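Spelled out from the first residue to the last, the chains are:
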Amino acid sequence: MKLELRGITKRFGSLTANDHISLTVEPGEIHCILGENGAGKSTLMNVLYGLLPADEGEILLDDEVQHFEGPGEAMKAGIGMVHQHFMLIPVFTVAENVMLGHESTGFAGFLNLNEARKRVREISAQFGFDVDPDALIEDLPVGVQQRVEIIKALSRDAKVLVFDEPTAVLTPQETDELMTIMRQLRDAGTAIVFITHKLREVREVADRITVMRLGKVVGEASPTASNAELASLMVGRSVELTVQKQAARPGDPALQVRGLTVIDHIGQLVVNDVSFEVRAGEILAIAGVQGNGQTELTEALLGLQQHVEGEIELDGNPLSGLSVRNVLDAGVGFIPEDRNEDGLVAEFSIAENLMLDRSDSAPFVKGGTLQLGFRSTFAAEKVSEFDVRTQSIDTAVGTLSGGNQQKVVLARELSRDLRLLVAAQPTRGLDVGSIEFVHKRIVQARDSGIPVIVVSTELDEVDALADRIAVMYRGGIVGIVPGGTDRETLGIMMAGEQPDDPNGPAPDPHDDEGRSGTRGEAA
Amino acid sequence: MSDDSGAQASAAETGTEAAGSADVALETGSQVPPDDPNDNRWNDALRQILGGSFVISILAVVLALIVGAILIAVTDPGVQQAAGYFFSRPGDTFQAIWNVVSGAYSSLFQGAIYNFGRPTFSAGIRPFTDTLTYATPLIVAGLGVGLGFRTGLFNIGGQGQMLIAAAFCGWIGWSFDLPPVLHLIVAIVAGFVGGAIWAGIAGVLKARTGAHEVIVTIMLNWIAFYLISYLLRTPGALQEHGTNNPKSPAILPNAILPPLFGPQYQLHWGFVISIAATIVVWWLLERSSLGFKFRAVGENPNAARVAGISVKSVIIWALVISGGLVGLAAVDQVLGTTTGGFSSGIDAGIGFDAITVALLGRSRPIGIFVAGVLFGAFKAGGFLMQAANNIPIDIVLVVQSLIVLFIAAPPLVRAIFRLPTPGSKPRTKTPAPTATAEEATAK
Amino acid sequence: MTTTTDHTIPDAAPIVLEKTVVKSWKTPITLSIVALLSIVLFIVFRRGGDTTFTFAGGRIAPSLPQLVVPTTLTCVILTTLLAAMAALSWWLLARFAKVPLWYSSVFAFIFVVAFLTWAAGDNSRPLPITSLLLGAVSLSVPYIFGALGGVISERSGVVNIAIEGQLLAGAFLAAVVASMTGSVWLGLVAAVVAGVLVSFILAAFAIKYYVDQVIVGVVINVLVLGLTNFFYSQVLAKDASFLNDPPLLPSLPIPGLSAIPVIGPVLFDQSIIVYLMYIAVAAVYIGLFHTRWGLRLRSVGEHPQAADTVGINVTGTRFWNVSLAGAIVGLGGAYFTLGSVGSFSEDMTGGQGYIALAAVIFGRWDPIRATLAALLFGFASNLQYTLAAVGSPVPSEFLLMLPYVVTILAVAGFVGYVRGPAASGKPYIKS
């Protein structure tokens with residue numbers, strides 16, 4: 001089926017999220033829509049999928065104008081979507097999720113689960129998936145969940161399949177497999193829309209590329225275009241893909257973690273006997289596919305996890321067992337991976353958020369009373385220092401853009417006297433400008449002699465920042481390798497295996513990281 | 001007659017005005033919409049005022065009073081009779097409706113604000129002092145519930161906290177013979193402590209085991225009710241000597257809250273405590289470190305926890321203070337209005353009214369104060385309405401709950417009065433495109 | 001990169017993280033406290049004489065012979081058993097990481113038997129087991145209807161605090177309509193209508209205007225209380241014989257089943273509303289977990305956005321299911337006026353809706369478990385009446401407190417880690 005969008009326009013108040021977007025996707029081709037966060041890609045797809053009504057423009061399938069009142073109608077017309085955040089119900093089984101919305105039923109609305117199981121098995125067999133129809137979604141790894149999403153779309157005979165940022169949660173190997181699946185689908189005649197901001201993937205799989213920026217189509221590119229060309233088209237200026245930084249000058253070991261184990265509330269060992277150390281003035285990146293224990297590891301460092309075993313020492317003082325308050329007071333700065341959930345109080349003003357983790361003592365509080373005068377001065381200073389774009393320090397943080405929100409978090413954490421900085425997914429969902437800013441500040445912190453831990457699922461980010469890289473898989477550290485280790489190796493480690501041909505030293509956690517850092521860079 | 005009801009309505013309006021405007025200030029202060037400067041500024045301002053919460057609050061009160069009037073009219077025998085021959089003489093029906101509704105609301109006003117039937121000002125103003133007397137416990141209890149709301153906690157256990165507090169302060173009040181001022185202070189503190197302990201149980205259970213405070217406080221209401229009922233009928237516990245009634249002894253004179261404007265008015269010093277409590281709670285929430293933590297936990301407990309705030313101790317402290325404030329409402333009852341000894345109905349529904357007061361006051365101390373006075377007026381006037389016009393005071397419950405429902409749903413009120421939506425642009429904005437807007441201005 | 005496509009699929013099998021056990025000591029602690037309490041109550045404050053249990057028959061079922069046991073000896077034996085079970089629970093937890101639910105249930109049952117033996121000891125009047133259970137079922141009826149409504153509503157993502165209001169409205173309208181028409185059947189229909197009307201308010205404010213659902217629920221309860229009180233004193237009280245004198249539902253014994261001793265009169269010699277309740281419990285259970293209706297209902301309560309993306313109308317689904325919940329609860333309200341009392345009085349539900357809500361949570365949002373919880377509450381409430389008649393030493397207030405204490409213990413201790421419907425209480429705002 002051929003999909004055509006003609007002059008799609010979607011406004012939110014005074015903001016135009018999609019400005020007269022036109023594009024065509026032929027059957028049997030993979031059409032990439034490339035653009036950075038906030039370019040309007042997701043809005044466009046929500047319009048296509050009937051989740052949002054378009055203000056102007058038309059959607060055509062095989063040259064017939066469509067009017068979708070909701071996703072149900074879009075699906076009936078043959079559009080399927082693999083959502084960035086999976087639209088699966090965690091407590092339902094695979095079969096139940098696949099059948100939801102178009103259930104086959106018997107007498108009196110009784111569910112015919114066998115029919116759904118059969119359908120799941122059929123499609124699985126066709127594409128070589130190994131999916132158990134009776135498994136609960138919440139028990140499945142994300143890679144498999146994504147396949148369930150694909151099965152869900154295919155079970156409704158989707159002729160146009162939209163993949164919305166599908167690789168964010170996958171290992172490089174899983175990503176490759178997804179590419180293979182996409183090609184398979186394409187060869188079977190499906191029209192595929194592939195939304196992403198990752199240049200590498202675009203060049204790998206796209207038949208055609210449409211680049212979006214600030215709600216507009218800014219051009220088409222061929223898959224043979226270079227990374228730099230695509231990036232400048234996407235961002236609107238030439239961008240430096242790497243962070244300028246000097247070689248690390250690591251000092252003494254500052255943070256030492258030995259035998260750290262974290263158990264979650266249902267008894268799973270989410271972090272399993274992890275040991276590593278971070279030296280003053282170096283960045284240790286923790287790489288790995290999302291959900292392999294990185295979150296719990298950083299939370300354990302901060303004292304946020306309940307069942308923690310093992311030792312954590314900062315500058316020789318034990319951190320384990322301390323309350324969050326005491327950990328913060330020991331000089332740990334923390335940038336949580338979900339800033340809206342854990343980092344900021346959306347309804348609070350910028351000034352209030354800047355004092356959020358210092359609500360107990362001077363200079364923000366004296367004698368139990370808030371020092372509003374000091375807070376205002378402080379906030380004004382930080383807003384200008386960290387280039388937070390806002391009208392006033394009293395603006396609610398929730399109304400700021402993601403980049404500016406992250407700058408507020410960064411300003412708060414870096415304005416304390418730090419002995420360790422833990423940054424979890426510090427640039428998730430940010431635009432290129434903010435990413436550059438955040439990276440610069442993190443490197444600056446390192447250069448001032450602070451030991452830094454950066455958790456990232458993005459290999460680009462790991463590559464840009466890391467002096468050493470620890471790869472996590474299923475709660476354990478697979479190995480610690482020097483910065484600059486090639487993607488192939490990291491990818492294999494992210495799948496839980498030791499690299500066959502390790503370049504650099506053997507992944508030994510107690511390796512002499514100082515030298516290996518420089519060696520990695522040279523290689 | 002018509003003047004009275006008009007004045008009554010406007011009194012109610014000024015009542016909510018402060019509550020509304022406090023909120024307006026807060027809202028406009030916190031979210032300045034990055035509007036297109038080309039837009040007509042006056043048009044926008046008008047939009048803001050017409051659709052803002054200030055007007056909504058007034059309209060909510062008006063709407064609720066209209067519904068109340070309809071209820072009064074349709075259940076009135078005179079109206080029903082006139083409606084029986086509506087098509088021959090429709091005027092009679094309207095006349096009957098007018099008579100009963102204006103009569104009722106004029107009683108409501110005269111019972112709450114000023115009685116024109118009295119010869120002197122000091123006698124005429126008496127209803128207003130009654131209003132303030134009824135408002136006194138509503139304000140402190142409302143502050144308690146509102147403080148809970150700001151911390152993200154729903155203290156629905158006002159009844160139980162008041163009963164325990166009544167037992168505490170009453171026991172001090174009749175068992176000991178202390179010097180004048182000291183006795184009163186000790187009794188008041190005991191009341192605060194009693195409420196604090198009872199709410200603290202819910203706080204500790206929530207903090208330690210995650211038990212939902214709504215369930216626990218509701219259950220504690222019943223436990224307190226039966227506990228106090230038992231103690232009140234048990235000789236040697238709270239029961240008055242030499243009686244078989246389930247009733248406590250009278251409070252000793254030294255522990256009674258003295259009248260504020262002399263003995264001819266009921267209003268007692270508890271009202272001054274309510275004013276003081278309003279100021280203290282305002283300071284606590286807006287200016288203190290503890291209040292900052294309360295609000296942080298209320299808005300986003302996860303972020304608060306990550307920022308080193310002990311959510312558990314905040315939950316416990318918030319409920320303790322909340323319960324203590326609700327306990328002060330019992331102090332007002334036991335040491336102020338019902339000093340001759342109390343029964344297990346001493347809470348008089350204040351614990352539940354406090355929820356509506358806190359909601360109407362939008363959990364802001366000043367708003368709660370004004371809302372408390374408004375509800376106090378409804379109560380005072382409702383009694384006169386019941387006595388003079390034979391209209392059950394329960395109509396007040398209906399009007400109060402409708403006010404809260406309408407205020408909670410501004411779009412509904414706007415739809416009924418066909419008002420424009422204020423700041424309709426930011427309202428429909430989704431987070432994702434907001435990011436793009438910011439980036440657009442950044443570049 | 002393509003060179004690695006032949007790489008084996010690392011994640012084809014589910015991630016199996018190593019598991020260790022997080023032990024919760026809540027259960028042994030609670031059991032030990034109860035055992036200690038038993039020792040104090042049943043042994044330290046022991047009562048002599050004999051305890052007599054009677055098992056009366058019904059209109060059809062025959063009586064069983066009465067059972068006479070020595071009070072002190074029985075209490076000592078049962079208390080020893082309780083103490084042993086409490087001690088064993090520590091060992092069970094240490095050894096198997098979990099104290100099974102049946103263990104706690106058996107413990108609770110023995111405690112109840114011991115308590116009854118003790119309370120009715122000292123040669124006081126015989127304890128009528130049949131009427132104790134009959135009363136328990138009778139008191140449970142509104143709890144169960146309320147809990148079913150709560151389960152449906154919360155499973156679809158709307159917290160239903162308004163159960164109290166729905167019960168009260170149902171009781172009111174059922175009385176008025178049945179009294180005016182003289183037909184109990186029209187009364188039942190009216191109760192359903194009343195419950196649905198209350199639900200409409202809840203649904204409109206919670207689903208359309210995104211008002212906090214707990215707040216709407218509480219305010220609705222006040223509103224319904226105010227309205228029914230107002231109409232009661234303004235209208236009903238003035239012409240009670242016409243407006244507030246409804247006929248009672250007749251008892252319809254089920255042939256055969258009603259002849260079983262004890263169980264027959266308790267369960268199968270009831271009015272139509274009780275049989276409707278049995279059907280409702282089964283229908284809600286089967287419906288929720290085995291039909292399209294249930295699948296869709298649960299999906300909007302767990303992950304509304306996911307439901308939306310497969311074409312399910314989230315708002316509509318929630319709206320109609322909250323209405324259905326109101327209908328069920330309203331029917332339960334009719335039991336007050338048509339099933340037991342025979343006329344409406346002010347605030348006659350007296351907070352029972354809140355107990356139903358507690359049963360929902362205690363029963364972990366499962367219709368069967370919630371029904372059992374409701375029965376437990378009904379039993380605890382009725383115990384007080386029965387023991388007062390027997391002449392027990394326990395002040396009635398403490399027995400009246402029992403269901404509430406049990407609820408607190410349950411939400412704080414026994415229930416443990418409970419996961420309700422993920423999106424319950426959260427309005428679905430389409431972006």
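None of the values given here were measured: they were computed from a predicted structure.

Scanning chain A from terminus to terminus reveals 18 helices and 22 strands. Dimensions of chain A, computed from the C-alpha atoms along their principal axes, are close to 65 × 55 × 50 Å. Put simply, chain A has 523 residues, and 56% of those count as buried. The long-range fraction of contacts in chain A, counting pairs at least 24 apart against all pairs at least 6 apart in sequence, stands at 67%.

With that out of the way, let us pick up the overall build of chain C. The helix and strand tally for chain C stands at 16 helices and five strands. Scaling as 2.2 N^0.38, a compact globule of 431 residues should have a C-alpha radius of gyration of about 22 Å, and chain C matches this with 25 Å. For chain C, the spread of C-alpha atoms along the principal axes amounts to about 85 × 65 × 40 Å. Residues counted as buried form 54% of the 431 residues belonging to chain C. Of the contacts formed within chain C by residues at least 6 apart in sequence, a portion of 78% connects residues at least 24 apart.

Attention shifts here to the domain arrangement of chain A. All names here are of chain A. Partitioning chain A into structural domains gives domain 1 (3-235), domain 2 (245-330 + 450-523) and domain 3 (332-416). Just the C-alpha atoms count here: the centres of domain 1 and domain 2 sit 34 Å apart. Taken together, the contacts link six residues of domain 1 with seven residues of domain 2. Considering only residue class, the side of domain 1 that touches domain 2 consists of four nonpolar, two polar and no charged.

Residues and elements named next belong to chain A. Strand order in this open sheet of six strands is 6-7-8-3-9-10, and the pairing throughout is mixed. Since the sheet does not close on itself, it has two edges, and those belong to strand 6 (79-82) and strand 10 (216-221), each with one partner. Along the sheet, successive strands turn relative to each other by an average axial angle of 20°, direction set aside. Pairing between strand 3 (residues 30-34) and strand 9 (residues 208-213): four bridges, direction parallel. Note on strand 9: the bridge partner recorded for His 31 is Arg 208. Helix-sheet contacts for helix 8 (residues 227-235) involve strand 3, strand 9 and strand 10, and the interaxial angle to strand 10 is about 165°.

The next thing to look at is the interface of chain B and chain C. Taken together, the contact between chain B and chain C spans 37 residues of the former and 34 residues of the latter. Mapped by element, the contributors of at least two residues to the side of chain B that touches chain C are helix 9 (180-209), helix 10 (213-232), helix 15 (350-360), helix 17 (394-408) and helix 18 (410-417) of chain B. In terms of residues, the side of chain B that touches chain C owes the most to one element, helix 10 of chain B, which gives eleven residues. For the side of chain B that touches chain C, a count of residues per class yields 29 nonpolar, seven polar and one charged.

Let us look at the pairing of strand 20 (residues 452-455) of chain A. Looking along a regular strand, one sees the side chains alternate between the two faces of the sheet. Residues and elements named next belong to chain A. Burial along strand 20 is two-sided: Val 452 and Val 454 facing one way and Ile 453 and Val 455 facing the other are all buried. Bridge count between strand 13 (residues 283-287) and strand 20: four bridges; the pairing is parallel. When the sheet's bridge partners are listed, Ile 286 is paired in strand 20 with Val 455. Relative to strand 20, strand 19 (residues 420-424) runs parallel, the two being bridged by four bridges. Within the sheet, the bridge partner assigned to Ala 423 lies in strand 20 and is Val 454. With helix 15 (residues 432-447) bridging strand 19 and its parallel neighbour strand 20, the resulting β-α-β unit is right-handed.

Now for the confidence of the model for chain C. Residue and element names in this part refer to chain C. The predicted model of chain C averages 86 in pLDDT, with 93% of residues at 70 or higher. Segment residues 1-16: pLDDT under 50, and 24 contacts once partners within four positions in sequence are set aside and those in other chains are kept. This prediction of the complex comes with two scores: 0.84 for pTM and 0.83 for ipTM.

A few words now on the domain arrangement of chain C. Residue and element names in this part refer to chain C. Assigned domains of chain C: these are domain 1 (26-124) and domain 2 (130-377). Computed over C-alpha atoms only, the centres of domain 1 and domain 2 are separated by 33 Å. Contacts between the two partners involve nine residues from domain 1, matched on the other side by eleven residues from domain 2. The residue makeup of the side of domain 1 that touches domain 2, split by class, is six nonpolar, two polar and one charged.

This part covers the packing of helix 7 (residues 126-150) of chain B against helix 16 (residues 365-389) of chain B. The description of two packed helices rests on the angle between their axes and on the distance between the axes. Residues and elements named next belong to chain B. Two elements in contact, helix 7 and helix 16, have axes separated by 7 Å at closest approach and are oriented at 135°. Here helix 7 is positioned oblique relative to helix 16, judged by the angle of their axes. Crossing hand, helix 7 versus helix 16: right-handed. For the pair helix 7 and helix 16, the contacting residues are Pro 127, Asp 130, Thr 131, Leu 132, Tyr 134, Ala 135, Leu 138, Ile 139, Gly 142, Leu 143 and Gly 146 in the first and Pro 365, Ile 368, Phe 369, Ala 371, Gly 372, Val 373, Phe 375, Gly 376, Ala 377, Lys 379 and Ala 380 in the second.

Turning our eyes to something else, we now look at helix 11 (residues 292-302) of chain C. Here helix 11 of chain C lies mainly inside the structure; eleven of its eleven residues are buried. Looking at the buried side of helix 11 of chain C, the elements it contacts are helix 3 (94-99) of chain A together with helix 4 (129-155), helix 10 (272-290), helix 12 (304-309) and helix 13 (314-340) of chain C.

Attention now goes to the sheet that holds strand 1 (residues 50-55) of chain C. Residues and elements named next belong to chain C. In spatial order, the strands read 2-1-3; together these three strands make up an open sheet with mixed pairing. Among the strands making up the open sheet, the edge pair consists of strand 2 (64-70) and strand 3 (127-128). Looking at chain direction, strand 1 and strand 3 are connected through two bridges and run parallel. Considered in strand 3, the bridge of Thr 54 is made with Pro 128. Contacts from helix 2 (residues 71-96) reach strand 1 and strand 2 within the one sheet, and its direction differs from that of strand 2 by about 80°.

Conventions used here
Residues numbered from 1 in each chain as written. Chains lettered and ligands numbered in written order. Predicted model: local features only at pLDDT ≥ 70, side-chain atom pairs only at ≥ 80, totals over all residues. Helix = DSSP H or I, 4+ residues; strand = E, 2+ residues; numbered from the N terminus. Buried ≥ 20, exposed ≤ 12 C-beta atoms within 10 Å, placed from the backbone. Contact = placed C-beta atoms within 7 Å. Rg over C-alpha atoms; globule rule 2.2 N^0.38 Å. Domains from an automatic or database assignment. Nonpolar A, V, L, I, M, F, W, Y, C, P; charged D, E, K, R; others polar. Pairing = 2+ DSSP bridges. Axes fitted to C-alpha atoms, helices over the stretch in contact; angles between N-to-C directions. Right-handed = clockwise from strand over helix to strand, strands pointing away. pLDDT = per-residue confidence, 0-100. Parallel < 35°, antiparallel > 145°, perpendicular 65-115°, else oblique. Left-handed = near helix turned anticlockwise from the far one by under 90°.

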